[in-house]
Amino acid sequence: ISDTDQWKALQAHVGAIHKTHLRDLMADADRCKAMTAEFEGIYLDYARQQATTETIDRLFKLAEAAKLKEKIEKMFNGDKINSTENRSVLHVALRAPRDAVIHSDGVNVVPEVWAVIDKIKQFSETFRSGSWVGATGKPLTNVVSVGIGGSFLGPLFVHTALQTDPEAAESAKGRQLRFLANVDPVDVARSIKDLDPETTLVVIVSKTFTTAETMLNARTIKEWIVSSLGPQAVSKHMIAVSTNLKLVKEFGIDPNNAFGFWDWVGGRYSVCSAVGVLPLSLQYGFPIVQKFLEGASSIDNHFRTSSFEKNLPVLLGLLSVWNVSFLGYPARAILPYSQALEKLAPHIQQLSMESNGKGVSIDGVRLPYEAGEIDFGEPGTNGQHSFYQLIHQGRVIPCDFIGVIKSQQPVYLKGETVSNHDELMSNFFAQPDALAYGKTPEQLRSENVSENLIPHKTFQGNRPSLSFLLSSLSAYEIGQLLAIYEHRIAVQGFIWGINSFDQWGVELGKSLASQVRKQLHASRMEGKPVEGFNPSSASLLARY
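Computed from a predicted structure; not experimentally measured.

Enquirer: Looking at this model, I keep getting lost on the layout of surface pockets. Mind explaining?
Expert: Leftover empty space is mapped by rolling, across the atoms, a probe with the size of a water molecule. Looking at the largest pocket, its volume works out to about 1400 Å³. In this structure, the largest pocket is lined by 46 residues; those nearest its centre are Ile-148, Thr-211, Glu-213, Val-506 and Lys-510. Listing elements by their share of the lining of the largest pocket, those giving two or more residues are α10 (212-229), α16 (344-356) and α22 (507-526). For the lining of the largest pocket, the element with the highest residue contribution is α22, accounting for 6 residues. Its residues assigned to classes, the lining of the largest pocket comprises 18 nonpolar, 16 polar and 12 charged. When residues of the lining of the largest pocket are sorted by domain, at least three fall in each of domain 2 (103-288) and domain 3 (504-543). Each pocket or cavity is described by its volume, and for the second largest pocket that value is around 470 Å³. Lys-71, Ile-362, Phe-494, Gly-497 and Ile-498 are, among the 28 residues lining the second largest pocket, the residues nearest its centre. The set of elements that each furnish at least two residues to the lining of the second largest pocket consists of α5 (68-76) and α21 (475-496). For the lining of the second largest pocket, the element with the highest residue contribution is α21, accounting for 4 residues.

Enquirer: When you look at the pattern of salt bridges in this model, what are you seeing that I'm missing?
Expert: Any two side chains of opposite charge can pair, so long as their charged atoms come close to each other. With the rule as written, the count across this model stands at 25 salt bridges. For the salt bridge of Lys-121 with Glu-125, the shortest nitrogen-to-oxygen distance reads 3.4 Å. In this pair, Lys-121 and Glu-125 both sit in helix α6 (residues 110-129), 4 residues apart, roughly one turn of the helix. Looking at Lys-121, the relative accessible area reads 33%, which means it is partly exposed. Residue Lys-358 pairs with Asp-502 through a salt bridge whose shortest N-O separation is 2.8 Å. Of this pair, Lys-358 sits in the loop between α16 and β11 (374-377) while Asp-502 sits in the loop between α21 and α22, placing them 144 residues apart in sequence. Among the charged side chains, a network of salt bridges with common partners joins Asp-45, Arg-48 and Asp-433.

Enquirer: Got a minute to help me understand the pairing of strand β12 (residues 399-404) in this structure?
Expert: Within a regular strand, side chains alternate between the sheet's two faces. Where burial is concerned, most of β12 is hidden: 6 out of the 6 residues are buried. Going residue by residue along β12, you find Cys-399, Phe-401 and Gly-403 tucked away on one face and Asp-400, Ile-402 and Val-404 tucked away on the opposite face as well. For strand β10 (residues 331-336) and β12, the ladder comprises 4 bridges, and the chain directions are parallel. Within β12, the residue paired with Ala-333 across the bridge is Cys-399.

Enquirer: For this particular structure, what's the right way to read unusual backbone geometry?
Expert: With the exception of glycine, the majority of residues adopt a negative phi angle, and the majority of peptide bonds are in the trans configuration. For the bond running from Gly-380 to Thr-381, omega is 10 degrees, close enough to zero to count as cis. Looking at where Thr-381 falls in the secondary structure, it is placed in the loop between β11 and α17 (388-393). Positive phi is not limited to glycine here, since Asn-86 has a value of about 55 degrees. Turning to its location among the elements, Asn-86 is positioned in the loop between α5 and β3 (103-104). The phi dihedral of Asn-448 is positive, around 60 degrees, even though this residue is not glycine. By the element assignment, Asn-448 lies in the loop between α19 (441-446) and α20 (454-457).

Enquirer: Mind showing me how you'd approach the side chain of His-237 here?
Expert: As for its placement among the helices and strands, His-237 is situated in helix α11 (residues 234-237). Reaching out from His-237, the side chain makes a polar contact with the backbone oxygen of Pro-197 at a distance of 3.1 Å. Excluding residues that lie within four positions of it along the chain, His-237 makes contacts with Gly-134, Ala-135, Leu-140, Pro-197, Glu-198, Thr-200, Leu-201, Val-202, Ile-225 and Leu-229.

Enquirer: It is not clear to me how the nonpolar core should be interpreted in this structure. Could you clarify?
Expert: Nonpolar side chains in soluble globular proteins tend to be buried together. Within the largest apolar cluster, 129 residues are counted, with the highest numbers of intra-cluster contacts made by Phe-292 and Phe-468. Among the elements that take part in this core, α21 stands out by supplying 13 residues, more than any other. Both of domain 1 (5-66 + 306-496) and domain 2 (103-288) provide at least three residues apiece to this core. In terms of nonpolar packing, the next biggest core, distinct from the first, is built from 23 residues, Phe-209, Ala-218, Ile-225 and Ala-258 among them.

Enquirer: Any chance you could explain the packing of helix α15 (residues 312-326) against α21 here in plain terms?
Expert: If you want to describe how two helices pack, look at the angle between their axes and the distance between the axes. Their axes nearest at 8 Å, the elements α15 and α21 cross at an angle of 50 degrees. Taken together, the axis directions place α15 and α21 in an arrangement best described as oblique. When the axes of α15 and α21 are compared, the crossing they make is right-handed. Contacts between α15 and α21 pair Leu-312, Pro-313, Val-314, Leu-316, Gly-317, Leu-318, Ser-320, Val-321, Val-324 and Ser-325 from the former with Ile-484, His-487, Arg-488, Val-491, Gln-492, Ile-495 and Trp-496 from the latter.

Rules and cut-offs
- All chains use their own residue numbering, which begins from 1 and follows the written sequence.
- Residues qualify for local features only when their pLDDT is at least 70, as the model is predicted, and side-chain atom pairs are given and counted only at 80 or more; totals for whole chains, interfaces and linings, by contrast, use all residues.
- Where side-chain values are given, they derive from all heavy atoms of the structure, hydrogens and water being excluded.
- Of the grid points, spaced at 1 Å and generated over the protein atoms alone, those admitting a 1.4 Å probe that cannot get out make up cavities, while open sets with protein on both sides within 12 Å along at least five of seven lines make up pockets; any residue with an atom within 4 Å of a point is treated as lining.
- Grid points are joined across faces, edges and corners, and a volume is the space filled by probe spheres set on the points.
- Segments assigned H or I by DSSP are reported as helices when at least four residues long, segments assigned E as strands when at least two residues long, and all are numbered from the N terminus.
- Here the term charged refers only to Asp, Glu, Lys and Arg, the term nonpolar to Ala, Val, Leu, Ile, Met, Phe, Trp, Tyr, Cys and Pro, and the term polar to all other amino acids, Gly among them.
- Each domain span listed reflects an automatic or database assignment of domains.
- Salt bridge, as used here: a side-chain nitrogen of Lys or Arg that lies within 4 Å of a carboxyl oxygen of Asp or Glu.
- We call a residue buried when its accessible area falls under 20% of the maximum for its residue type, exposed when it is over 50%, and partly exposed in between, using a 1.4 Å probe and counting protein chains only.
- When DSSP finds at least two bridges between two strands, those strands are taken to pair.
- N or O atoms within 3.5 Å of each other form a polar contact, as long as, within protein, one can give a hydrogen and the other can take it, and as long as residues adjacent in sequence are counted only when both atoms are side-chain atoms.
- Between two residues, a contact is recorded if the distance between any of their heavy atoms is within 4.5 Å.
- Nine residue types can take part in a nonpolar core, namely buried Ala, Val, Leu, Ile, Met, Phe, Trp, Tyr and Cys, and a core is a set of them joined through side-chain atoms within 4.5 Å.
- Note on geometry: axes are C-alpha line fits, over the in-contact stretch for helices, and angles between N-to-C directions span 0 to 180 degrees.
- Any angle that falls under 35 degrees is termed roughly parallel, while one over 145 is termed roughly antiparallel, one within 65 to 115 roughly perpendicular, and all others oblique.
- Crossing handedness is defined as follows: a turn of the near helix away from the far one that is anticlockwise and smaller than a right angle gives a left-handed crossing, while the clockwise case is right-handed.

Function cannot be read off these values alone, since they describe shape.
Written as structure tokens, this is what we have:
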């Protein structure tokens, strides 16, 4: 793509942008109005990007050169766009309406998806009604979901966002959902602290039922159940999300209580499969989770059918490419002004960095430009008291500000100037302007700031951001927000010409860990010396 005229036109355009300042760009009312988009109550304002309407036009031309429209269609049509693993990429099928037709290998996968959804619905209703009882005849009210990576971060994000939604909280009364991901025994201890095995259901999430960390945790939790309730309790207290029914059965779980998914669902894109839908339905009831799926589906449809000028994921993806590959800003801060979205940034970290953290094109050619983004974030206003110093006066880091009009938990104290939510949102509106405009030495002098402090109190400004404003934060909007980021990341990958749907970079560390595992076993059980490692690793292992 970097050999195209369209890419070179954007490179040539960078100089013109460097001559502008957001202070001046923001004075143009027509530009500000043009740099907005809206879909179903989600309002995007990207006027504080270091870009003009001409930049956006050039980015659309780049999208054309990269065949973006064609690539989006290929994804929705089930083409095997994950070419290194020879797989379709069909997380959109997980939330498609029942009557939709989406093919993979010539088969409409939507009926298969709905067969699993219906099974989850039925199981969650039986479980929540108290009809499903444990080994001692008690109903189960606690759920521990055991999985790592995509089997954990996405469901945790949705769970955390739903916890304080009034409708979801009402449905979850008297129940607990916890996640166990890390193989660190401390995480096991935390996840079962104060839980009674008698009233606990454990969901093991592993597609192959072979993921090293997850299966060790599964065996550890199984031991906790068996030591308290006996071996016959396993089938009453453990269920699985897996496609390997043979290993599920050998583990002691009834294969009828295994919920499948497909190889066209990547781990980090699996929250809308049984991976997320099952534990979330057990906690909140299926009707709440269905709204979440419908929210994601609404964005899928918007992404596929809207013109690029109005298409939220396309606009966001193109702006990210502009910031990373042309302006040279490698990071992005995700700043939701909503405590309910505190687990959004950790999920997007995986979604973005595992998808687009690639050094070669989809054809295996070394990339001559930077791709991928370093993602991090914290809810506002917490982040303001943490890393905003660097964003204001240190490195330039483009920011995503996410605000919600209606709070999940409104509080208004008598005698206060504004409600608690308005206090939060005052910062949401102020921070992007502080980044864009900055503060000049002249302004400081007019405020009689002493001369020696002026350099320290000057803010350069001209720091890009964009703002999302959501009408509220219910299950539906949570689904929309998830899908916006999923598709935005895909757009970036489609432009860069990489495969956003494989993750070979996670393999090497795993294979080296198996060598270390063998050594630890040999040293601990047979007293053998450390051998076959470089001097540094050998001395670290000996010390351990």
